[in-house]
Amino acid sequence: MEEEYRDPAGRRPILRAGALLRRPGAGARLTRLLPSVALLAAAVLLLAAPPDDHFGLLVAVVPFLAAAVHGAYATAVVGALSVAVFAALRTWRTEDEPGVAVIKLGLVSAAGAVAVLISQARSRERRLNRATDIALALQEGLLPRAIPRSSAVDVCHRYGPTDAEAGVGGDWFDVIRLSGARVALVMGDVVGHGVHAAATMGRLRTAVRTLADLDLAPDELLARMDDLAEQLDEDGTNGLGATCLYLVYDPVSRVCTLASAGHTPPALLRPDGSVEFPQLAEHPPLGIGGTPFAATELTLDEGTVIALYTDGLLDLRHRGTDAALAAVAGVLASPGASLEQLCDRVYDQAPADSDDDVAVMLARVKSVPDGSVATWDLPADPRSAGTARSATAAQLAGWGLEEAGFTTELVVSELVTNAVRHATGPITLRLIRDDALICEVSDGSSTAPHMRLPRLTDEGGRGLYLVGRLADRWGTRYTATGKTIWVEQAV
């Protein structure tokens, strides 16, 4: 049952406590009374037993019972009481020789001291386990709980934290849906272990997702992350040492754009069974500051598997880089293996005695069929809005999506009209039929529109507000020649 804790004035609840804040149950209270009951029973036994017997030594068990249920201080008190009871009763009515009595008293005293040490060890173990559980829970909470479904890639991943002695680490991965049916794959590693590394990992992962929502190119995103990592280590004492690999795959053009900040290179398993490691521009880890990043573009065949991993998989302390990469390539080149089997085999390459986290993510790329993409070039003319509506209606009818016609035509008309009025040509309209209906209008201007809430007296400014209400997602991404306004609708 939950309890409410109120402030001293009793005005309102300031904390609701469930399982973490409960009164001990009746069973727990009886267990805590066990040492006291045992001490009382031992005292009765000392009084009732003959003066020269050895049953009184059973009182030495009482401190160990206290160590099992109490902390060090309570155990010390129970141990001292046990010694005092034994000394008082045996001295009062003993018939033992002085030497035997001293030995018995020493045994009871030693039992009390050992019990205190045991209680202290149990307390340290509980604190260590609690800290480890908190760190693991923190890391699990910061890693993605479920990979979002994407029509661009099929993803499989494995993550293995380091052992409890070393603590958790900072390895992380992510799959982020982008506009235009694209997807971003991220793999990173924060040097070090423990809660600090896990917390830093969470901050970096959140920053990557925020920047990815802005549709930044991989090289620009890593440049922003480099600045952020430098700010996180302003005093220069933590030595952040975080690496990151950011990859964007477009299933329409099958172009993969990626950039790396000191991270291990990805592996590509081609449909013909060959494995290669693309040559990326070498850059230092995040946090150095002022480093320009360069992106690499690759065209991938449908069915290509992209393997991302952290350096814990390679175990570079015991073998060279070439040998480690050759081992990964040999495991990937497994004919007939499913994505899950490949992921397991790659993950099993990690050394069992490693003190570093291991993260592995495999993604098999797919493509959008040509028949699911329609593109029109429009002149910068007010009549282009009507042309775009007609073309959209015809295309949706061909796809069997007539029910989405009215909403989509309204969105297309508004976006094309804005491009004609406020931007420069050329204007391009593109429709993509994916797991959502995607509408994109591109122009030659780099000025981004901003949605605002119009006032009652405003004659305009309601277009983007209307688009935002009709769409499930919408946004802007910049290109080398201008910008693209994109809108997604569930179908």
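Here the structure is a predicted model, which is why all the values come from computation and not from measurement.

(A) Expanded view of the sheet that holds strand β17 (residues 482–490). Pairing within the open sheet is antiparallel, and its five strands lie in the order β13-β14-β15-β17-β16. In this open sheet, the two strands that pair with only one neighbour each are β13 (373–378) and β16 (473–479). Shown here is a sheet whose adjacent strand axes are inclined to one another by a mean of 15°, direction ignored. As paired strands, strand β15 (residues 436–443) and β17 are joined by eight bridges and run antiparallel to one another. Paired with C439 across the strands is V487, a residue of β17. In the packing of helix α10 (residues 405–422) onto the sheet, contacts are made with β13, β14 (427–433), β15 and β17, and the angle to β15 comes to roughly 15°.

(B) Highlighting the side chain of S179. Examined against the element boundaries, S179 turns out to sit in the loop between β4 (169–177) and β5 (183–193). What makes S179 buried here is its relative accessible area of 1%. A polar contact is formed between the side chain of S179 and the side chain of D215, at a distance of 2.9 Å. Of the polar contacts made by the side chain of S179, one reaches the side chain of R477; its length is 2.8 Å. If we skip the residues at most four places from it in the chain, S179 touches D215, R477, W486 and E488.

(C) Region of interest: the sheet that holds strand β8 (residues 267–269). Across the sheet, which stays open at both edges, the five strands sit in the order β3-β12-β11-β8-β9 with antiparallel pairing between neighbours. Edge positions in the sheet fall to β3 (153–160) and β9 (275–276), since each has one partner strand and no second. Pairing of β3 with strand β12 (residues 358–365), which is carried by eight bridges, proceeds in the antiparallel orientation. Across the sheet, residue G160 finds its bridge partner in β12, namely V358.

(D) Structural detail: the packing of helix α9 (residues 384–399) against α10. Two numbers describe how α9 lies on α10: the axes approach to 9 Å, and their chain directions differ by 150°. Judged by the angle between their axes, α9 and α10 are roughly antiparallel. Here the hand of the crossing between α9 and α10 comes out right-handed. Mapping the contact onto sequence places S384, A385, A388, R389, T392, A393 and L396 in α9 and G405, T408, E409, V412, S413, V416 and T417 in α10.

(E) Just unusual backbone geometry, in detail. For A181, which is not a glycine, the phi torsion comes out positive at approximately 65°. Examined against the element boundaries, A181 turns out to sit in the loop between β4 and β5. Note on A181: relative accessible area 7%, which makes it buried. Positive phi, normally seen in glycine, also occurs at D215, with a value near 60°. Topologically, D215 is positioned in the loop between α5 (194–212) and α6 (218–232).

The rules we used
- Residues numbered from 1 in each chain as written.
- Predicted model: local features only at pLDDT ≥ 70, side-chain atom pairs only at ≥ 80, totals over all residues.
- Heavy atoms only, no water.
- Pairing = 2+ DSSP bridges.
- Helix = DSSP H or I, 4+ residues; strand = E, 2+ residues; numbered from the N terminus.
- Axes fitted to C-alpha atoms, helices over the stretch in contact; angles between N-to-C directions.
- Contact = heavy atoms within 4.5 Å.
- Buried < 20%, exposed > 50% of the residue type's maximum accessible area, 1.4 Å probe, protein only.
- Polar contact = N/O pair within 3.5 Å; in protein donor to acceptor, adjacent residues only side chain to side chain.
- Parallel < 35°, antiparallel > 145°, perpendicular 65-115°, else oblique.
- Left-handed = near helix turned anticlockwise from the far one by under 90°.

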